[in-house]
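Listed below, chain by chain, are the residues.
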Amino acid sequence: MEKLERVLAVEEVARNSVACAADEAAAVKVAAIESARTVESDALVASVAAVAAQSDSILSVARTEAGTLTAAADAARAKASDTARQRLDSVVASLAAKLEG
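The paragraphs below set out a description of the structure included in this document. Predicted model, so just to flag it, every value in this text is computed and none were measured.

Rules used throughout
- Residues numbered from 1 in each chain as written.
- Predicted model: local features only at pLDDT ≥ 70, side-chain atom pairs only at ≥ 80, totals over all residues.
- Heavy atoms only, no water.
- Salt bridge = Lys/Arg side-chain N within 4 Å of Asp/Glu carboxyl O.
- Helix = DSSP H or I, 4+ residues; strand = E, 2+ residues; numbered from the N terminus.
- Buried < 20%, exposed > 50% of the residue type's maximum accessible area, 1.4 Å probe, protein only.

**Here's the deal with the pattern of salt bridges**
Taken as a whole and judged by the stated rule, the model has five salt bridges. In this structure, the salt-bridge partner of Glu2 is Arg6, at a minimum N-O distance of 2.6 Å. Linking Glu2 with Arg6, this pair stays in helix H1 (residues 2–100), spanning four residues, or about one helical turn. Across the pair, Arg6 and Glu2 agree in class, each one exposed. Taking the shortest distance from any N to any O, the salt bridge between Asp82 and Arg85 comes out at 3.3 Å. Residue Asp82 and its partner Arg85 are both found in helix H1; the two are separated by three residues, about one turn of the helix. Residue Asp82 is classed as partly exposed on the basis of its relative accessible area, which comes to 41%. With a relative accessible area of 54%, Arg85 lands in the exposed category. Among the ionic contacts, a cluster of salt bridges with common partners joins Glu11, Glu12 and Arg15.

None of this, on its own, says anything about what the molecule does.
See the structure below:
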């Protein structure tokens, strides 16, 4: 009978150990899931911030390039207008001579 009591006691200890292990595993799983969610959330925030910073950098370069190209276009337009004005006098004089002529 004493051996049976020892076996039952060992079985009870084993059942308790399995139950404790299951509880600990469940707690570890919940903690791991929560930790993963936190990491995912932090990664998302960091990613959004990095994209925003990169976007601002790209837009800044684009604005600078647009300003440079606009200035070049304005200079080319002004030069073309000056060239046209300079040629206008000779064209008018040539036309007038032909009409008078």
